Amino acid sequence: MPLLDDDRPDWDRDGRDWPHRAASRFVDAAGLRWHLQEFGAPQAPGLLLLHGTGAATHSWRGLAPLLAERGFRVVAPDLPGHGFTDPLPARRLSLPGMAEAVGDLVAGLGLTPRLAIGHSAGAAVLARMCLDRRIAPDLLVAINGALTPFPGVASFLFPGIARMLFLNPVTPKFFAWSADRAAVRRLIDGTGSRLDPQGLDLYRRLFTRAGHVSGALGMMANWDLPALARDLPRLETRTLLIVGSDDKAIKPDDAFALRERLPKARVELLRGLGHLAHEEAPERVAEIILTDARISETFPT
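All of these numbers come straight from a predicted model, not from anything done at the bench.

*Asks:* I'd like a description of helix α4 (residues 121–131), backed by residues and values.
*Replies:* Extensive coverage of α4 is indicated by the burial of 11 of its 11 residues. Along α4, the residues classified as buried are Ala121, Gly122, Ala123, Ala124, Val125, Leu126, Ala127, Arg128, Met129, Cys130 and Leu131. Contacts made by the buried residues of α4 are with β3 (46–50), α3 (95–109), β5 (113–119), β6 (139–143), α9 (210–221) and α10 (225–231). Positive backbone phi, approximately 60 degrees, marks arginine 133, located one or two places after α4.

In structure tokens, the structure reads:
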């Protein structure tokens, strides 16, 4: 079946058995229609979860309920252009533009995040939001965070390649057409993580939608990580860098180097886990986060 020009994931079709579907709702903010999931009591301390490039709320299917059970109001949106959330216009696809849009969503929800947790590129959005004072959490958690530029010549080449792919309308359609189960497994295995069949299927159904692929490419193509890296020493938020030792997407050593540049940061290394550590071992990741959060007496215990 030929792909449509705007082949976005469809909630009735692709979200028919979405994890925690009962926790989902759609809201309007920053000129977009957002899909988000919410767990826990509305009056509980706020916790914001932001997934990484190419993912959606399903990425938190194991971790979000565990955090809500410990007394948080957990809010996890699909980032713009991902999952079931509308894409941003091209002029707003920068990292500050993404941070501004998420900030508008958070404000519209009346959420004051005491804890902010981001995976990969989601951690970069949260760091930018903290630097721009859109949020002021007591603890920022980066799970295999994409907070620094790619090393060497890749820092110049990769954004340019992503931009060329994004601007070529055929690329998302070709990727979606070729995203069978074997291809998705190879892609996930390439991150150093091992997911169960449900996890692989959820990524596959997103990757078969050209609109979702285009959203991921657009985010990568328009981000300026060197600018974020220059600003990070100004980050005053207490930061926990969770790192999977088997991460093949972002070098674990990057977190240890970054720790030396952040005023209030520590690293937690998780042996045997890859880039999607929070999906592989949500209980293990939850315990680390909650233990670190308990350093502040204002958090639930």
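*Asks:* How would you explain the packing of α3 against α4 if you had to name every residue and give the values?
*Replies:* α4 packs onto α3 with a crossing angle of 75 degrees between their chain directions and a minimal axis gap of 9 Å. Judged on the interaxial angle alone, α4 and α3 are roughly perpendicular. Contact residues: Leu95, Pro96, Met98, Ala99, Val102, Gly103 and Val106 in α3; Ala124, Val125, Arg128 and Met129 in α4. In the contact of α3 with α4, the residues fall into 9 nonpolar, 1 polar and 1 charged.

*Asks:* Explain the pairing of β5 residue by residue, including any values.
*Replies:* Counted residue by residue, β5 has 6 buried out of 7 residues, so it is predominantly covered. In the sheet, β3 pairs with β5 via 5 bridges, with the strands oriented parallel. Its bridge partner being in β5, glycine 46 is matched across the sheet by proline 113. What joins β5 to β6 is α4, and the crossover it makes is right-handed.

*Asks:* With reference to specific residues and values, describe unusual backbone geometry.
*Replies:* The phi dihedral of histidine 20 falls on the positive side, at around 55 degrees, and the residue is not glycine. As for its placement among the helices and strands, histidine 20 is situated in the loop between α1 (11–14) and β1 (24–29). The exposure class of histidine 20 is partly exposed, given its relative accessible area of 33%. The phi dihedral of serine 120 falls on the positive side, at around 55 degrees, and the residue is not glycine.

*Asks:* Tell me about the side chain of serine 120, and please be specific about residues and values.
*Replies:* Residue position: serine 120 is located in the loop between β5 and α4. Contact partners of serine 120, with chain neighbours within four places excluded, come to Gly52, Ile143, Asn144, Gly145, Ala146, Ile250 and His275.

*Asks:* Describe in detail the confidence of the model for the protein, supporting the description with residues and values.
*Replies:* Regions with low pLDDT carry predicted coordinates that are not meant to be interpreted in detail. Across the protein, pLDDT averages 88, with 86% of residues at or above 70. In this model residues 1–5 is a low-confidence stretch, pLDDT under 50, and it forms 7 contacts with partners more than four residues away in sequence or in other chains. Taken as a whole, residues 151–168 scores under 50 in pLDDT and shows 21 contacts with residues more than four places along the chain or in a different chain.

Criteria and thresholds
- Residues numbered from 1 in each chain as written.
- Predicted model: local features only at pLDDT ≥ 70, side-chain atom pairs only at ≥ 80, totals over all residues.
- Heavy atoms only, no water.
- Buried < 20%, exposed > 50% of the residue type's maximum accessible area, 1.4 Å probe, protein only.
- Helix = DSSP H or I, 4+ residues; strand = E, 2+ residues; numbered from the N terminus.
- Contact = heavy atoms within 4.5 Å.
- Axes fitted to C-alpha atoms, helices over the stretch in contact; angles between N-to-C directions.
- Parallel < 35°, antiparallel > 145°, perpendicular 65-115°, else oblique.
- Nonpolar A, V, L, I, M, F, W, Y, C, P; charged D, E, K, R; others polar.
- Pairing = 2+ DSSP bridges.
- Right-handed = clockwise from strand over helix to strand, strands pointing away.
- pLDDT = per-residue confidence, 0-100.

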